[in-house]
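# Report on the structure
The primary structure of each chain is shown beneath.
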Amino acid sequence: MKYDRIFNFNPGPAAVPLEVLEYIHANWFNYKKTGMNIMEWSHRSKEYDEIHNKTAALVKQLLGMGDEFHVLFLQGGASLQFAMVPMNFLLEGKTADYLNTGSWSSKAIKEAKLFGNVNIAFEGKDVNFTRLPKQQDLKLTKGAAYVHVTSNNTIKGTQFFKFPETDGVPIVSDMSSDILSHRFDPKPFGLIYAGAQKNLGPSGVTLVIVRDDFLKTARTGLTTMLQYSTHVQENSLFNTPNTFGIFFMGRVLQWMVDMGGLTAMEKRNQEKANLLYGYMDGSNGFYRGTVDKDSRSWMNVCLRLPSEDLEAKFVSEAKAAGFLGLKGHRSVGGIRVSMYNAIPPEAIKELIGFMKNFMAKNG
Ligand code: PMP
(Lines give C-alpha, C1' and ligand atoms only; values in the text may rest on other atoms or scores of the structure.)
Protein backbone atom coordinates (compact mmCIF):
# COMPACT_ATOMS: atom_id res chain seq x y z
CA MET A 1 0.00 0.00 0.00
CA LYS A 2 1.01 3.63 -0.44
CA TYR A 3 3.68 4.69 2.11
CA ASP A 4 3.65 1.09 3.40
CA ARG A 5 0.52 1.85 5.39
CA ILE A 6 -1.53 -0.95 6.88
CA PHE A 7 -5.28 -1.59 7.22
CA ASN A 8 -6.09 0.22 10.44
CA PHE A 9 -9.27 -0.92 12.20
CA ASN A 10 -8.48 0.78 15.51
CA PRO A 11 -11.55 1.83 17.51
CA GLY A 12 -10.26 5.32 18.28
CA PRO A 13 -8.00 7.13 17.81
CA ALA A 14 -8.64 5.68 14.41
CA ALA A 15 -7.73 5.88 10.74
CA VAL A 16 -8.02 9.30 9.13
CA PRO A 17 -8.44 9.87 5.40
CA LEU A 18 -5.11 9.57 3.62
CA GLU A 19 -5.93 12.63 1.50
CA VAL A 20 -6.11 14.70 4.69
CA LEU A 21 -2.73 13.45 5.90
CA GLU A 22 -1.25 14.24 2.52
CA TYR A 23 -2.67 17.77 2.54
CA ILE A 24 -1.34 18.47 6.03
CA HIS A 25 2.04 17.00 5.14
CA ALA A 26 2.30 19.11 2.01
CA ASN A 27 1.57 22.28 4.00
CA TRP A 28 3.56 21.38 7.10
CA PHE A 29 6.31 24.02 7.17
CA ASN A 30 4.69 26.98 5.51
CA TYR A 31 0.91 27.00 5.44
CA LYS A 32 -0.51 29.33 2.81
CA LYS A 33 2.70 31.39 2.61
CA THR A 34 2.46 32.47 6.25
CA GLY A 35 5.91 31.02 6.92
CA MET A 36 4.49 28.93 9.76
CA ASN A 37 2.76 25.69 10.60
CA ILE A 38 -0.86 26.20 11.62
CA MET A 39 -0.05 25.21 15.19
CA GLU A 40 2.36 28.16 15.39
CA TRP A 41 -0.36 30.73 14.71
CA SER A 42 -2.07 32.69 17.43
CA HIS A 43 -5.62 31.60 18.17
CA ARG A 44 -6.46 35.31 17.91
CA SER A 45 -4.99 35.70 14.41
CA LYS A 46 -7.05 36.46 11.35
CA GLU A 47 -5.69 33.33 9.63
CA TYR A 48 -6.74 31.06 12.46
CA ASP A 49 -10.10 32.75 12.84
CA GLU A 50 -10.91 31.89 9.27
CA ILE A 51 -10.14 28.21 9.88
CA HIS A 52 -12.10 28.16 13.13
CA ASN A 53 -15.23 29.64 11.59
CA LYS A 54 -14.95 27.57 8.42
CA THR A 55 -14.74 24.37 10.47
CA ALA A 56 -17.86 25.29 12.44
CA ALA A 57 -19.67 26.21 9.22
CA LEU A 58 -18.75 22.85 7.66
CA VAL A 59 -20.22 20.99 10.62
CA LYS A 60 -23.53 22.78 10.14
CA GLN A 61 -23.44 22.42 6.39
CA LEU A 62 -22.86 18.67 6.55
CA LEU A 63 -25.54 18.16 9.19
CA GLY A 64 -28.04 20.50 7.54
CA MET A 65 -28.29 22.71 10.63
CA GLY A 66 -29.50 26.30 10.74
CA ASP A 67 -28.66 29.29 12.94
CA GLU A 68 -30.48 27.81 15.91
CA PHE A 69 -27.45 25.56 16.50
CA HIS A 70 -24.13 26.69 17.97
CA VAL A 71 -20.97 24.73 17.20
CA LEU A 72 -18.30 24.51 19.90
CA PHE A 73 -14.83 22.97 20.05
CA LEU A 74 -14.12 22.01 23.62
CA GLN A 75 -11.56 19.94 25.47
CA GLY A 76 -11.79 17.20 28.08
CA GLY A 77 -13.16 14.59 25.69
CA ALA A 78 -16.64 13.14 25.57
CA SER A 79 -15.99 12.11 29.17
CA LEU A 80 -16.17 15.72 30.36
CA GLN A 81 -19.47 16.08 28.49
CA PHE A 82 -20.86 13.24 30.62
CA ALA A 83 -20.57 15.71 33.53
CA MET A 84 -21.11 19.05 31.80
CA VAL A 85 -24.47 18.01 30.37
CA PRO A 86 -26.17 17.31 33.72
CA MET A 87 -24.24 20.12 35.42
CA ASN A 88 -25.80 22.60 32.99
CA PHE A 89 -29.15 21.05 32.20
CA LEU A 90 -30.30 18.80 35.03
CA LEU A 91 -31.94 21.42 37.17
CA GLU A 92 -33.33 20.91 40.64
CA GLY A 93 -36.74 19.29 40.65
CA LYS A 94 -36.25 17.96 37.12
CA THR A 95 -35.47 14.46 35.88
CA ALA A 96 -33.22 13.45 33.01
CA ASP A 97 -33.99 10.27 31.10
CA TYR A 98 -31.04 8.08 30.14
CA LEU A 99 -31.03 5.05 27.86
CA ASN A 100 -28.43 2.62 29.13
CA THR A 101 -27.19 0.93 25.98
CA GLY A 102 -23.58 0.16 26.85
CA SER A 103 -20.42 1.00 28.71
CA TRP A 104 -20.31 4.65 27.65
CA SER A 105 -23.97 5.25 28.50
CA SER A 106 -23.30 3.73 31.92
CA LYS A 107 -20.47 6.19 32.45
CA ALA A 108 -22.69 9.11 31.42
CA ILE A 109 -25.35 7.91 33.88
CA LYS A 110 -22.85 7.67 36.71
CA GLU A 111 -21.92 11.33 36.22
CA ALA A 112 -25.51 12.53 35.85
CA LYS A 113 -26.47 10.94 39.16
CA LEU A 114 -24.01 13.26 40.87
CA PHE A 115 -26.10 16.24 39.80
CA GLY A 116 -29.75 15.26 40.03
CA ASN A 117 -32.59 12.85 39.35
CA VAL A 118 -31.92 10.27 36.69
CA ASN A 119 -34.51 7.93 35.25
CA ILE A 120 -33.21 4.91 33.38
CA ALA A 121 -35.68 4.87 30.51
CA PHE A 122 -34.20 1.66 29.15
CA GLU A 123 -31.93 -0.76 30.96
CA GLY A 124 -29.81 -2.55 28.36
CA LYS A 125 -28.09 -4.64 31.03
CA ASP A 126 -31.27 -6.73 31.13
CA VAL A 127 -30.63 -7.91 27.59
CA ASN A 128 -26.85 -8.02 27.97
CA PHE A 129 -26.65 -4.96 25.68
CA THR A 130 -27.39 -7.14 22.65
CA ARG A 131 -30.12 -4.88 21.34
CA LEU A 132 -31.37 -1.32 21.40
CA PRO A 133 -34.83 -0.41 22.71
CA LYS A 134 -37.91 -0.12 20.59
CA GLN A 135 -40.10 2.90 21.24
CA GLN A 136 -42.54 0.81 23.31
CA ASP A 137 -39.67 -0.32 25.60
CA LEU A 138 -38.95 3.22 26.77
CA LYS A 139 -40.14 4.51 30.12
CA LEU A 140 -39.85 8.21 29.46
CA THR A 141 -40.59 10.95 31.99
CA LYS A 142 -43.15 13.56 31.01
CA GLY A 143 -41.48 16.97 30.95
CA ALA A 144 -37.97 15.54 31.43
CA ALA A 145 -35.03 17.97 31.21
CA TYR A 146 -33.64 15.92 28.33
CA VAL A 147 -33.34 12.35 27.04
CA HIS A 148 -29.76 11.09 26.74
CA VAL A 149 -28.91 8.60 24.00
CA THR A 150 -25.55 7.12 23.00
CA SER A 151 -26.09 6.95 19.26
CA ASN A 152 -23.42 4.32 18.63
CA ASN A 153 -22.17 1.91 21.25
CA THR A 154 -18.51 1.57 20.37
CA ILE A 155 -17.83 -1.41 22.61
CA LYS A 156 -21.06 -3.39 22.22
CA GLY A 157 -21.54 -2.73 18.51
CA THR A 158 -25.08 -1.34 18.38
CA GLN A 159 -26.26 1.85 16.68
CA PHE A 160 -29.43 3.92 16.53
CA PHE A 161 -30.67 4.79 13.06
CA LYS A 162 -34.04 5.94 14.33
CA PHE A 163 -33.97 8.04 17.47
CA PRO A 164 -36.65 7.83 20.18
CA GLU A 165 -39.80 9.92 19.94
CA THR A 166 -39.58 12.18 22.97
CA ASP A 167 -42.69 14.34 22.71
CA GLY A 168 -40.72 17.55 22.41
CA VAL A 169 -38.17 16.78 25.13
CA PRO A 170 -34.73 17.67 23.72
CA ILE A 171 -32.50 14.71 22.90
CA VAL A 172 -28.91 14.90 24.08
CA SER A 173 -26.70 12.50 22.23
CA ASP A 174 -23.18 11.18 22.60
CA MET A 175 -22.27 10.72 18.94
CA SER A 176 -18.57 10.13 19.58
CA SER A 177 -18.38 7.06 17.44
CA ASP A 178 -20.83 7.75 14.63
CA ILE A 179 -21.05 11.50 14.09
CA LEU A 180 -21.46 12.28 10.40
CA SER A 181 -21.72 8.64 9.39
CA HIS A 182 -25.33 8.78 8.14
CA ARG A 183 -28.16 11.25 7.68
CA PHE A 184 -30.56 12.10 10.49
CA ASP A 185 -32.97 14.89 11.34
CA PRO A 186 -31.16 17.25 13.76
CA LYS A 187 -34.30 19.11 14.89
CA PRO A 188 -35.11 17.05 18.02
CA PHE A 189 -31.57 17.39 19.37
CA GLY A 190 -30.85 19.87 22.14
CA LEU A 191 -27.19 18.97 22.31
CA ILE A 192 -24.81 16.65 20.49
CA TYR A 193 -21.28 15.87 21.57
CA ALA A 194 -18.48 13.82 20.07
CA GLY A 195 -14.81 13.30 20.76
CA ALA A 196 -13.02 13.88 17.46
CA GLN A 197 -10.81 10.81 17.44
CA LYS A 198 -13.05 8.48 15.43
CA ASN A 199 -14.86 10.24 12.60
CA LEU A 200 -13.44 13.76 12.86
CA GLY A 201 -9.67 13.60 13.19
CA PRO A 202 -7.23 13.63 16.09
CA SER A 203 -8.04 13.31 19.78
CA GLY A 204 -8.02 16.42 21.94
CA VAL A 205 -11.02 18.25 20.50
CA THR A 206 -14.61 17.59 21.44
CA LEU A 207 -17.26 18.78 19.07
CA VAL A 208 -20.35 20.09 20.87
CA ILE A 209 -23.44 21.34 19.09
CA VAL A 210 -26.08 23.02 21.21
CA ARG A 211 -29.50 24.32 20.19
CA ASP A 212 -30.20 27.87 21.25
CA ASP A 213 -33.54 27.32 22.99
CA PHE A 214 -32.09 24.39 24.95
CA LEU A 215 -29.07 26.46 25.95
CA LYS A 216 -31.43 29.02 27.44
CA THR A 217 -32.68 26.39 29.91
CA ALA A 218 -29.17 25.90 31.37
CA ARG A 219 -28.31 26.64 34.95
CA THR A 220 -26.22 29.80 35.45
CA GLY A 221 -23.49 30.59 37.95
CA LEU A 222 -21.36 27.55 37.18
CA THR A 223 -17.62 27.73 37.02
CA THR A 224 -16.84 29.67 33.83
CA MET A 225 -15.12 26.95 31.82
CA LEU A 226 -17.87 24.42 32.48
CA GLN A 227 -20.74 26.69 31.51
CA TYR A 228 -21.77 26.12 27.88
CA SER A 229 -22.89 29.73 27.49
CA THR A 230 -19.31 30.94 28.08
CA HIS A 231 -18.16 29.10 24.99
CA VAL A 232 -21.18 30.08 22.93
CA GLN A 233 -20.69 33.77 23.76
CA GLU A 234 -16.98 33.60 22.98
CA ASN A 235 -17.32 31.48 19.82
CA SER A 236 -15.22 28.75 21.44
CA LEU A 237 -12.35 31.17 21.90
CA PHE A 238 -12.78 31.95 25.58
CA ASN A 239 -9.41 30.33 26.16
CA THR A 240 -6.89 28.75 23.80
CA PRO A 241 -8.60 25.94 21.93
CA ASN A 242 -6.85 23.00 20.28
CA THR A 243 -6.13 25.03 17.16
CA PHE A 244 -4.31 22.28 15.32
CA GLY A 245 -6.98 19.71 16.14
CA ILE A 246 -9.70 22.07 14.89
CA PHE A 247 -7.75 22.74 11.71
CA PHE A 248 -7.38 19.00 11.21
CA MET A 249 -11.08 18.47 11.82
CA GLY A 250 -11.84 21.14 9.23
CA ARG A 251 -9.79 19.23 6.67
CA VAL A 252 -11.63 15.99 7.50
CA LEU A 253 -14.96 17.78 7.11
CA GLN A 254 -13.83 19.25 3.79
CA TRP A 255 -12.88 15.73 2.69
CA MET A 256 -16.42 14.59 3.55
CA VAL A 257 -17.88 17.45 1.50
CA ASP A 258 -15.59 16.59 -1.44
CA MET A 259 -16.66 12.96 -1.20
CA GLY A 260 -20.32 13.99 -1.58
CA GLY A 261 -21.37 14.94 1.96
CA LEU A 262 -23.46 12.96 4.38
CA THR A 263 -25.36 11.12 1.66
CA ALA A 264 -22.09 9.75 0.31
CA MET A 265 -20.82 8.87 3.80
CA GLU A 266 -24.05 6.99 4.49
CA LYS A 267 -23.80 5.08 1.22
CA ARG A 268 -20.16 4.20 1.87
CA ASN A 269 -20.82 3.05 5.44
CA GLN A 270 -23.88 1.06 4.47
CA GLU A 271 -21.92 -0.66 1.72
CA LYS A 272 -19.18 -1.66 4.17
CA ALA A 273 -21.72 -2.93 6.69
CA ASN A 274 -23.58 -4.94 4.03
CA LEU A 275 -20.34 -6.50 2.87
CA LEU A 276 -19.09 -7.53 6.29
CA TYR A 277 -22.34 -8.58 7.97
CA GLY A 278 -23.40 -10.28 4.75
CA TYR A 279 -20.22 -12.33 4.72
CA MET A 280 -20.50 -13.17 8.44
CA ASP A 281 -24.12 -14.29 8.06
CA GLY A 282 -23.12 -16.63 5.25
CA SER A 283 -20.25 -18.22 7.20
CA ASN A 284 -22.35 -21.01 8.74
CA GLY A 285 -21.84 -19.65 12.22
CA PHE A 286 -18.04 -19.46 12.07
CA TYR A 287 -18.14 -15.66 12.32
CA ARG A 288 -21.03 -14.97 14.67
CA GLY A 289 -22.39 -11.45 15.25
CA THR A 290 -23.00 -10.64 18.91
CA VAL A 291 -26.00 -8.31 18.67
CA ASP A 292 -29.52 -8.43 17.18
CA LYS A 293 -29.59 -7.80 13.45
CA ASP A 294 -31.78 -4.73 13.69
CA SER A 295 -29.45 -3.09 16.24
CA ARG A 296 -26.21 -3.69 14.37
CA SER A 297 -23.69 -0.87 14.16
CA TRP A 298 -22.18 0.21 10.87
CA MET A 299 -19.18 1.60 12.75
CA ASN A 300 -18.14 -1.19 15.12
CA VAL A 301 -18.84 -4.74 14.05
CA CYS A 302 -18.53 -7.15 16.98
CA LEU A 303 -18.19 -10.87 16.36
CA ARG A 304 -17.13 -14.14 17.91
CA LEU A 305 -15.32 -17.15 16.50
CA PRO A 306 -15.96 -20.73 17.67
CA SER A 307 -13.36 -20.48 20.48
CA GLU A 308 -11.24 -17.94 22.32
CA ASP A 309 -8.11 -19.70 21.07
CA LEU A 310 -9.23 -19.19 17.50
CA GLU A 311 -9.99 -15.54 18.26
CA ALA A 312 -6.47 -14.99 19.57
CA LYS A 313 -5.06 -16.76 16.51
CA PHE A 314 -7.25 -14.63 14.24
CA VAL A 315 -6.04 -11.37 15.80
CA SER A 316 -2.39 -12.33 15.61
CA GLU A 317 -2.53 -13.70 12.06
CA ALA A 318 -4.53 -10.69 10.94
CA LYS A 319 -1.90 -8.40 12.40
CA ALA A 320 0.86 -10.29 10.59
CA ALA A 321 -1.13 -9.88 7.36
CA GLY A 322 -1.44 -6.10 7.87
CA PHE A 323 -4.91 -5.81 9.50
CA LEU A 324 -4.55 -3.98 12.79
CA GLY A 325 -6.87 -3.18 15.70
CA LEU A 326 -9.24 -6.15 15.49
CA LYS A 327 -9.23 -7.30 19.10
CA GLY A 328 -12.57 -6.75 20.84
CA HIS A 329 -12.69 -4.41 23.84
CA ARG A 330 -11.15 -6.03 26.91
CA SER A 331 -14.55 -5.98 28.66
CA VAL A 332 -16.27 -8.12 26.01
CA GLY A 333 -13.57 -10.09 24.19
CA GLY A 334 -14.01 -11.46 20.68
CA ILE A 335 -13.30 -9.45 17.55
CA ARG A 336 -14.29 -5.90 16.73
CA VAL A 337 -13.93 -4.31 13.33
CA SER A 338 -14.08 -0.54 13.67
CA MET A 339 -14.78 0.97 10.28
CA TYR A 340 -15.41 4.68 10.58
CA ASN A 341 -15.86 7.03 7.63
CA ALA A 342 -12.19 7.02 6.63
CA ILE A 343 -12.15 3.25 6.01
CA PRO A 344 -12.86 2.57 2.33
CA PRO A 345 -15.02 -0.39 1.20
CA GLU A 346 -11.89 -1.86 -0.41
CA ALA A 347 -10.37 -2.35 3.05
CA ILE A 348 -13.41 -4.41 4.06
CA LYS A 349 -13.14 -6.49 0.90
CA GLU A 350 -9.49 -7.19 1.73
CA LEU A 351 -10.42 -8.12 5.28
CA ILE A 352 -13.13 -10.49 4.06
CA GLY A 353 -10.51 -12.12 1.82
CA PHE A 354 -8.38 -12.73 4.91
CA MET A 355 -11.43 -14.02 6.85
CA LYS A 356 -12.24 -16.50 4.06
CA ASN A 357 -8.73 -17.89 4.13
CA PHE A 358 -8.72 -18.08 7.89
CA MET A 359 -12.00 -20.01 7.92
CA ALA A 360 -10.80 -22.37 5.18
CA LYS A 361 -7.79 -23.28 7.33
CA ASN A 362 -9.51 -23.36 10.71
CA GLY A 363 -13.22 -24.00 10.03
N1 PMP B 1 -18.49 7.91 24.26
C2 PMP B 1 -18.29 6.98 23.32
C3 PMP B 1 -19.45 6.43 22.55
C4 PMP B 1 -16.99 6.55 23.05
O5 PMP B 1 -16.77 5.61 22.12
C6 PMP B 1 -15.91 7.08 23.81
C7 PMP B 1 -14.48 6.71 23.56
N8 PMP B 1 -14.21 5.57 22.93
C9 PMP B 1 -16.19 8.02 24.80
C10 PMP B 1 -17.49 8.42 24.98
C11 PMP B 1 -15.10 8.62 25.64
O12 PMP B 1 -14.48 9.58 24.90
P13 PMP B 1 -13.23 10.41 25.40
O14 PMP B 1 -12.09 9.47 25.48
O15 PMP B 1 -13.10 11.44 24.31
O16 PMP B 1 -13.57 11.02 26.70
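Please read these numbers as outputs of a predicted model, since none were measured by experiment. (Residues numbered from 1 in each chain as written. Predicted model: local features only at pLDDT ≥ 70, side-chain atom pairs only at ≥ 80, totals over all residues. Heavy atoms only, no water.)

## Quick look at the packing of helix H2 (residues 46-63) against helix H7 (residues 243-259)
Helix packing for two helices is described by the angle between their axes and how far apart those axes are. Running from N to C, H2 and H7 cross one another at 40 degrees; their axes reach a closest spacing of 9 Å. As summarised for this structure, H2 and H7 are arranged oblique, according to the angle between their axes. Taken as a pair, H2 and H7 cross one another with a handedness that is left-handed. Where H2 abuts H7, its residues Tyr 48, Ile 51, His 52, Lys 54, Thr 55, Leu 58, Val 59, Gln 61 and Leu 62 lie against Thr 243, Ile 246, Phe 247, Met 249, Gly 250, Leu 253, Gln 254, Met 256 and Val 257. A per-class count over the contact of H2 with H7 returns 11 nonpolar, 6 polar and 1 charged. (Axes fitted to C-alpha atoms, helices over the stretch in contact; angles between N-to-C directions. Helix = DSSP H or I, 4+ residues; strand = E, 2+ residues; numbered from the N terminus. Parallel < 35°, antiparallel > 145°, perpendicular 65-115°, else oblique. Left-handed = near helix turned anticlockwise from the far one by under 90°. Contact = heavy atoms within 4.5 Å. Nonpolar A, V, L, I, M, F, W, Y, C, P; charged D, E, K, R; others polar.)

## Considerations on the sheet that holds strand E11 (residues 288-289)
If you walk across this open sheet you meet the 3 strands as E11-E12-E14, and the pairing is antiparallel. In this open sheet, the two edge strands, each paired with only one partner strand, are E11 and strand E14 (335-338). One ladder, built from 2 bridges, connects E11 with strand E12 (residues 300-304); its direction is antiparallel. Each bridged residue has a counterpart across the sheet, and for Gly 289 the counterpart in E12 is Leu 303. (Pairing = 2+ DSSP bridges.)

## Side note on the pairing of strand E2 (residues 69-74)
Taking burial as the measure, the 6 residues of E2 include 6 buried ones, the bulk of the element. Residues of E2 alternate between two faces, with Phe 69, Val 71 and Phe 73 on one and His 70, Leu 72 and Leu 74 on the opposite face, all of them buried. The pairing of E2 with strand E10 (residues 206-211) spans 6 bridges and is classified as antiparallel. In the strand pairing of E10, His 70 is matched with Val 210. (Buried < 20%, exposed > 50% of the residue type's maximum accessible area, 1.4 Å probe, protein only.)

## Re the side chain of His 182
Counting through the fold element by element, His 182 comes out in the loop between strand E8 (171-174) and strand E9 (189-195). Setting aside its immediate chain neighbours within four residues, His 182 contacts Gln 159, Phe 160, Phe 161, Leu 262, Glu 266 and Trp 298.

## Digging into the nonpolar core
Ranked by size, the top nonpolar core spans 53 residues in total, and within it Leu 180, Leu 200, Leu 207, Leu 253 and Met 256 carry the most contacts. The element best represented in this core is H7, accounting for 9 residues. Apart from the residues within four sequence positions on either side, Leu 207 is in contact with Val 59, Val 71, Leu 72, Phe 73, Ile 179, Ile 192, Tyr 193, Ala 194, Leu 200 and Met 249. Within the second largest apolar cluster, 33 residues are counted, among which are Phe 9, Trp 298, Leu 351 and Phe 358. (Core = buried A, V, L, I, M, F, W, Y, C linked by side-chain atoms within 4.5 Å.)

## Remarks on helix H3 (residues 77-89)
Relative to the 18 Å expected for 13 residues at 1.5 Å per residue, H3 spans 18 Å between its end C-alpha atoms, a close match to the ideal helical length. Within H3, the full set of buried residues consists of Ala 78, Gln 81, Phe 82, Ala 83, Met 84, Val 85, Pro 86, Met 87, Asn 88 and Phe 89. (Expected span 1.5 Å × (residues − 1).)

## Digging into the domain arrangement of the chain
Interfaces are often sized by the accessible area lost when the parts come together. Looking at the assigned domains, one finds that the chain contains domain 1 (22-258) and domain 2 (260-362). Distance from the C-alpha centre of domain 1 to the C-alpha centre of domain 2: 27 Å. Facing 29 residues of domain 1, the contacting portion of domain 2 comprises 26 residues. Counting each side, the surface lost to burial between domain 1 and domain 2 is near 2,300 Å², with a carbon and sulfur contribution of 53%. On the domain 1 side of the interface with domain 2, the three residues burying the most area are Ile 155, Arg 183 and Trp 255, jointly 24% of the side's total. Where domain 1 touches domain 2, the interface holds 2 salt bridges. One salt bridge connects Asp 294 with Lys 134, and the closest N-O pair in it is separated by 3.2 Å. Here domain 1 and domain 2 share 17 residue pairs in polar contact (both at pLDDT 80 or more) between them. At the level of secondary structure, the elements contributing two or more residues to the side of domain 1 that touches domain 2 comprise H2, strand E6 (152-153), strand E7 (158-159) and H7. Examining the composition of the side of domain 1 that touches domain 2, we find that 4 residues originate from one element, H7, more than from any other. Class assignment of the residues belonging to the side of domain 1 that touches domain 2 gives a composition of 11 nonpolar, 11 polar and 7 charged. (Domains from an automatic or database assignment. Buried area = accessible area lost by both parts, 1.4 Å probe. Salt bridge = Lys/Arg side-chain N within 4 Å of Asp/Glu carboxyl O. Polar contact = N/O pair within 3.5 Å; in protein donor to acceptor, adjacent residues only side chain to side chain.)

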